[in-house]
Amino acid sequence: MEILILQISLFVLAVFLGVELITKVPATLHTPLMSGSNAISGITLVGALLAAGSGDGNGLWVPVLGVIAVTLATINVVGGFLVTNRMLRMFQPRKAATLTAAKGGVSHESVPG
Amino acid sequence: MNLFLVDGFYLLAAMLFVGGIKGLTRPRTAVRGNQMAAIGMLVAVVVTLLDKSILSYEWILGGVVLGSLIGTVLATRIQMTAMPQMVALLNGFGGGASLCVAAASFLGLTGADSPQGLVTLVAICVTLLIGAVTLTGSAVAFAKLQELLPGRPLGFRGIRGFNLALFAAVLALAGSLVSGSGDSNTLILLTILALVLGVTLVIPIGGADMPVVIALLNSYSGLAAAAAGFIMGNSVLVVSGALVGASGIILTRIMCVAMNRSLSGVLFGSMGEAGGPVMDADEVYAGKVKSSSPEEVSMLLESARRVVIVPGFGLAMAQAQHAVRDLADSLERRGVEVIYGLHPVAGRMPGHMNVLLAEAEVPYDKMQPMEEVNALFEQTDVAIVIGANDVTNPMAREDKGSPIYGMPILNVDKARTVVVVKRSLSPGFAGLPNPLFARDNCLMLFGDGKKAIMELTAAVNETV
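No experiment lies behind these values; they were computed from the predicted model shown.

Draft legend 1. Spatial organisation of the overall build of chain A. From N to C terminus, chain A includes five helices and zero strands. Listing each helix as α and each strand as β along chain A from the N terminus yields α-α-α-α-α. When burial is assessed residue by residue, chain A has 62% of its 113 residues classed as buried. Once local pairs closer than 6 in sequence are excluded, the contacts in chain A between residues at least 24 apart make up 58%.

See the structure below:
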């Protein structure tokens, strides 16, 4: 029960933090903000990995559902971060954009490890 | 791996997400913010994989490779005009993943002899419900945006009652699961009903309200992840899901304010909205609409000192963003000041127009939000409206009986001359005639957005 209360507190605090962070976003960035935060919601990938990797002791369906979840969440994560990166680079002044690209701006292509 | 260490890395991931979202709130730091969040994701995934509760890697590898492949192809191939569909699709995948995690967790519980804690069961039901609604709701939103389904509200009489009944049934099934009297069949039925609910919730919502729906589904996908975190007892899921859920809610609110509509009005009010006596389009336009030519407009533009370009969804449809940029370049070479006036709900998702203009390399300080540009219209010589309709409709300001009364609009009619580039006089998503077109200072330039703008640019360039 204590863990539950701790997690509920975390949830509530994170909601407040999210509200504080987002309230001042300029309209220009609404679309990248959405696709970026959408990629973060792909964190469910962690849950999917745990489900998919829980071994064969749970019959057929658990690993199958787990793998479907891993696939969907990975699309969400990889697609989300990449497309956000693509959009945001357009918002930067041209010189800065090429600089970031040269520095390896798409490093998260390796996200799925 | 040491449990303490695992939690430490999860905390690091959560901190990177917070820092990332903070970065995303400013143009200068946004790219870095996105990269920070991506690194956070990488940390969370690697730590999870190294954790010893993972037994079989083969399955996982397959899913990860397939998912990365699809994700990369989607992200690199998608056109900027199709961003709303893309985000809807990704939202749906996230919701679907949470749904599968919840189902797998339930089956895992019944398979092994692990104690079925009340909290876990509640969390499973909540994740199933939100995940399923996000999955099919996003699929419907995607289909509407991709024009696989008509954009107008669809549905049947009593769809609200149907949804309420469906929701009650879902709650009853969830109740039986939580009380321990349900089995995997109950779970399947619950999932199916929740999937249907996702469809029937979104299908009666019209195309113009899509920015709100996408923002809301974005929030749902975060909440589903947070709920999955409660199932797994995993705090990084709880924190990041809550962050995304909150950001989605805030964006939803911003969109609602920009349309002067309540959230419940968007979600439940679109069907059978009476809206008082509807103005007859023929009566509004009769004999007062003036059609113009690119040559005539180019003469106006040449003598102008300030031109405001107002893009709408039609710009995206016509893929005219580069053509618009060329026109602006031609004008700027002649010393004309060009700015872009952007309504918060122009297009099909929040900030849609900004992304398109950024793609055409329009500097972002020239994209002015509605409040700032409205102060400038009275000192503007020409306002060019491209594919925007309802967001410029003066009825919102003047006609108290109009369904859009009170919606903040771009006051293009205050400019000395308004040029409207449009295919025909057909109404916008709100289905209303636009008295702007009949104003004395309004000229219509009929035609496809891209072609009309290119002709206009050519006409401007000719008269050196």
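On we go from here.
Draft legend 2. The nonpolar core, seen in detail. One finds Ala48(A), Ala69(A), Cys100(B), Val385(B) and Ile386(B) to be the most contacted residues of the largest nonpolar core, which totals 204 residues. Residue contributions to this core peak at 18 residues, all from helix H4 (residues 61–91) of chain A. When residues of this core are assigned to domains, at least three map to each of domain 1 (78–268) and domain 2 (281–462) of chain B. Setting aside chain neighbours within four positions, we find Val385(B) in contact with Val310(B), Thr392(B), Val412(B), Val418(B), Val419(B), Val420(B) and Val421(B).

Draft legend 3. Highlighting the sheet that holds strand E7 (residues 442–446) of chain B. Residues and elements named next belong to chain B. Ordered in space as E1-E7-E6-E5-E2-E3-E4, the seven strands form an open sheet in which the pairing is parallel. Pairing within the sheet leaves two strands with one partner each, and these edge strands are strand E1 (290–291) and strand E4 (367–369). Strand direction decides the pairing type here: strand E3 (residues 337–342) and E4, joined by three bridges, are parallel. Within E4, the residue paired with Leu342 across the bridge is Pro369.

Draft legend 4. View of the pairing of strand E2 (residues 306–311) of chain B. Residues and elements named next belong to chain B. With five of six residues buried, E2 is to be regarded as a mostly interior element. In this sheet, E3 lies alongside E2 in parallel orientation, the contact comprising four bridges. Bridging from a neighbouring strand, Val307 pairs with Val338 of E3. Where E2 and strand E5 (residues 382–386) come together, five bridges link them in parallel fashion. In the strand pairing of E5, Ile309 is matched with Ile384.

Draft legend 5. The arrangement of the pairing of E5(B) in detail. Residue and element names in this part refer to chain B. Most of E5 sits inside the fold, with five of its five residues counted as buried. The side-chain alternation of E5 yields two buried faces, one formed by Val382, Ile384 and Ile386 and the other by Ala383 and Val385. Pairing geometry for E5 and strand E6 (residues 417–422), over five bridges, is parallel. By the bridge assignment for E6, Ile386 is matched with Val421.

Draft legend 6. Here's a closer look at helix H9 (residues 235–259) of chain B. Residues and elements named next belong to chain B. For H9, which comprises 25 residues, the first-to-last C-alpha distance of 36 Å matches the rise-based estimate of 36 Å (1.5 Å per residue) to within 8%. Within H9, 23 of the 25 residues are buried, which leaves it mostly tucked inside the rest of the structure. Just downstream of H9 lies Asn260, where phi reads positive at about 55°.

Draft legend 7. Up close: the interface of chain A and chain B. In this complex, chain A contributes 86 residues to the contact, which on the side of chain B involves 101 residues. Elements represented by at least two residues in the side of chain A that touches chain B include exactly helix H1 (2–22), helix H2 (30–41), helix H3 (44–52) and H4 of chain A. Looking at the side of chain A that touches chain B element by element, the count peaks at 30 residues for H4(A). Here the residues of the side of chain A that touches chain B are counted per class, giving 48 nonpolar, 34 polar and four charged.

Draft legend 8. Main features of helix H7 (residues 184–202) of chain B. Residue and element names in this part refer to chain B. Helix length check: H7 (19 residues) gives 28 Å between terminal C-alpha atoms against 27 Å at 1.5 Å per residue, within 8%. Residues Leu187, Leu190, Thr191, Ala194, Leu197, Gly198, Leu201 and Val202 constitute the buried set of H7. The buried residues of H7 occupy an angular sector of 120° when projected down its axis, which confines them to one face. Looking at H7, the residues exposed on the side facing more than 90 degrees away from the buried face are Asn185 and Ile188.

Draft legend 9. How the structure looks around the domain arrangement of chain B. Residue and element names in this part refer to chain B. Partitioning chain B into structural domains gives domain 1 (78–268) and domain 2 (281–462). Contacts between the two partners involve 19 residues from domain 1 and, on the opposite side, 17 residues from domain 2. Only helix H4 (83–111), helix H8 (210–232) and H9 provide two or more residues apiece to the side of domain 1 that touches domain 2. Sort the elements by how many residues they give to the side of domain 1 that touches domain 2 and H9 lands first, with five residues. Split into classes, the residues belonging to the side of domain 1 that touches domain 2 amount to 15 nonpolar, four polar and no charged.

Draft legend 10. Main features of the packing of H8(B) against H9(B). Residues and elements named next belong to chain B. Their axes nearest at 7 Å, the elements H8 and H9 cross at an angle of 160°. It follows from the interaxial angle that H8 and H9 lie roughly antiparallel. As for the relative orientation of H8 and H9, their crossing is left-handed in sense. Looking at the contact of H8 with H9, its residues break down into 19 nonpolar, eleven polar and no charged.

Rules behind the numbers
- Residues numbered from 1 in each chain as written.
- Chains lettered and ligands numbered in written order.
- Predicted model: local features only at pLDDT ≥ 70, side-chain atom pairs only at ≥ 80, totals over all residues.
- Helix = DSSP H or I, 4+ residues; strand = E, 2+ residues; numbered from the N terminus.
- Buried ≥ 20, exposed ≤ 12 C-beta atoms within 10 Å, placed from the backbone.
- Contact = placed C-beta atoms within 7 Å.
- Core = buried A, V, L, I, M, F, W, Y, C linked by C-beta atoms within 7 Å.
- Domains from an automatic or database assignment.
- Pairing = 2+ DSSP bridges.
- Expected span 1.5 Å × (residues − 1).
- Nonpolar A, V, L, I, M, F, W, Y, C, P; charged D, E, K, R; others polar.
- Arc of directions from axis to C-beta.
- Axes fitted to C-alpha atoms, helices over the stretch in contact; angles between N-to-C directions.
- Parallel < 35°, antiparallel > 145°, perpendicular 65-115°, else oblique.
- Left-handed = near helix turned anticlockwise from the far one by under 90°.

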